[in-house]
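# Structural overview for review
So the chains spell out like this:
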Amino acid sequence: MDLPRLHKILIAAARDSAPAETVPYAFEQRMLAHLRPRWPVNPWAVWSRGLGRAAACSVAAAFFLGFSTQPGPEAGADSFSWDLDQAMFASVDSFAGDTSADLW
Amino acid sequence: MEPTDAELISAVLQGDPAPFEVLVRKYSPRVFATARRYARRESEVEDIAQDVWLKSYQKLSSFRGDAPFEHWLMRLTVRTCYDFLRGHQRNRELAFSEITEPETDWLDRFVTEPEGADHHAAAARQLVGRILEQLSPAARLIITLLEIEERSVKEIAQLTGWSVPLVKVRAFRARAEMKKCLAKLTKDKYL
């Protein structure tokens, strides 16, 4: 048998059948899912994300507290602030009241 | 305007992995076509491609940018395919008794009329695939690159990382191995 010729023909047959370049469906997505755990963590990105969330929470809390400490519709703004002043300065007032009598 | 490979790689190296998807989408067809030369089952082909992309991501910092990214990736692909062949070489057993009827018919036609043998026949393609599977990993790689893909010795040396003299020695041995394989096939069948 002519082996060199057989070799030549078989190699020509292999050259003729170039393999397909098709990529299986969603291979890129599967590949990236595989790579995702290896992706580097950017500490600045994590920090800024956390900072943004914290800022949003702080603004929400400030609004909530601001609205919750507003006086009811029946009470006037003056009476509330007056009550607050009274409560804050009660001890000072009483001390001032006691000493004023002694002084004067 | 689409970003160049160098820009994509630089973005990935700076910590933004998203552009790597663009590279995967762009070069996967070449990677799959190369892997299909060495693995028959589609699951094996996909494993090779996955391995290539994992390695390329891990070794991306070693890409110097002197040559196109595609060349660097193809070197990685060929070396991964070679590793695959070496890992699966125990599976290759001489099994010429398993050749199919169309392959036998094609061989019979070749024996009776060598001048009229058709290399376009599907049976010839199957037969050459079967013979390549019998070769050692190095021989198969060399025959594929040198004779089927018609690459130069210098190109093969770059792709495989072997020296030029080593490629020549391995090419000589690969041809001898293939000749031996063909001789065994014909001896088993016709003597």
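No experiment lies behind these values; they were computed from the predicted model shown. (Residues numbered from 1 in each chain as written. Chains lettered and ligands numbered in written order. Predicted model: local features only at pLDDT ≥ 70, side-chain atom pairs only at ≥ 80, totals over all residues.)

### As for the overall build of chain A
Here is the rule: The helix count covers DSSP runs of H or I at least four residues long, the strand count covers runs of E at least two residues long, and both are numbered beginning at the N terminus. Exposed residues have 12 or fewer other C-beta atoms within 10 Å of their own C-beta, buried residues have 20 or more, and residues in between are partly exposed; the C-beta atoms are placed from the backbone.
On a plain count of helices and strands, chain A comes out with four helices and zero strands. N-terminal to C-terminal, the α/β element order of chain A is α-α-α-α. For chain A, buried positions account for 8% of its 104 residues.

### A few points about the overall build of chain B
Note the threshold: In this description, a residue-residue contact is defined by the distance between C-beta atoms placed from the backbone, which must lie within 7 Å.
Counting secondary structure elements, chain B contains nine helices and zero strands. Moving toward the C terminus, one meets the helices and strands of chain B in the order α-α-α-α-α-α-α-α-α. Out of the 191 residues in chain B, the part that is buried amounts to 31%. Long-range pairs, those at least 24 residues apart, make up 62% of the contacts in chain B between residues at least 6 apart in sequence.

### Here's the deal with helix H5 (residues 101-112) of chain B
One full turn of an α-helix is made of 3.6 residues, so residues set three or four places apart face in the same direction. All names here are of chain B. Applicable threshold: Expected helix span is computed as 1.5 Å times (number of residues minus one). Taken from the helix axis, the directions to the C-beta atoms give the arc we talk about.
Across its twelve residues, H5 extends 16 Å between first and last C-alpha, which sits within 8% of the 16 Å expected from 1.5 Å per residue. Listing the buried residues of H5 in full gives Glu103, Trp106, Leu107 and Phe110. Buried positions in H5, seen along its axis, are confined to an arc of 100° and lie on one side of it. The exposed residues of H5 that point more than 90 degrees off its buried face are Glu101, Asp105, Asp108 and Thr112.

### Thoughts on the packing of helix H2 (residues 19-38) of chain B against helix H4 (residues 69-87) of chain B
All names here are of chain B. Keep this limit in mind: Axis lines are fitted to C-alpha atoms, over the contacting stretch for helices. Their N-to-C directions set the angle, which ranges from 0 to 180 degrees. Here the angle decides the label: under 35 degrees means roughly parallel, over 145 means roughly antiparallel, 65 to 115 means roughly perpendicular, and every other value means oblique. For a crossing to be left-handed, the near helix must be turned anticlockwise from the far one by less than a right angle; the clockwise case is right-handed. Basically, the charged four are Asp, Glu, Lys and Arg, the nonpolar ten are Ala, Val, Leu, Ile, Met, Phe, Trp, Tyr, Cys and Pro, and anything else, Gly included, counts as polar.
It is at 10 Å that the axes of H2 and H4 come closest, and there the two elements cross at 30°. What the angle tells us is that H2 and H4 run roughly parallel. Handedness of the H2/H4 crossing: right-handed. Between H2 and H4, the residues in contact are Tyr27, Arg30, Val31, Thr34, Ala35 and Tyr38 and Glu70, Leu73, Met74, Thr77, Val78, Cys81, Phe84 and Leu85, respectively. Considered class by class, the residues forming the contact of H2 with H4 number ten nonpolar, two polar and two charged.

### Observations concerning the domain arrangement of chain B
Residues and elements named next belong to chain B. We count it as follows: The source of the domain bounds is an automatic or database domain assignment.
Domain boundaries assigned for chain B yield domain 1 (1-90) and domain 2 (92-191). Counting residues at the interface gives nine residues for domain 1 and ten residues for domain 2. Tallied by class, residues from the side of domain 1 that touches domain 2 come to four nonpolar, one polar and four charged.

### Examining the interface of chain A and chain B
Listed as interface residues are 31 residues of chain A and, on the opposing side, 37 residues of chain B. Looking at the side of chain A that touches chain B, the elements with two or more residues in it are helix H1 (3-16) and helix H2 (27-35) of chain A. The element best represented in the side of chain A that touches chain B is H1(A), accounting for twelve residues. Of the residues assigned to the side of chain A that touches chain B, the class counts are 19 nonpolar, five polar and seven charged.

### Considerations on the nonpolar core
We apply this condition: In this description, a nonpolar core means buried residues of the types Ala, Val, Leu, Ile, Met, Phe, Trp, Tyr and Cys, linked to one another by C-beta atoms lying within 7 Å.
A:Leu10, B:Ala35, B:Ala49, B:Val128, B:Ile142 and B:Ile143 are the most contacted members of the largest nonpolar core, which totals 54 residues. The contact partners of B:Ala49, leaving out residues within four places of it in the chain, are B:Ser28, B:Val31, B:Phe32 and B:Ala35.

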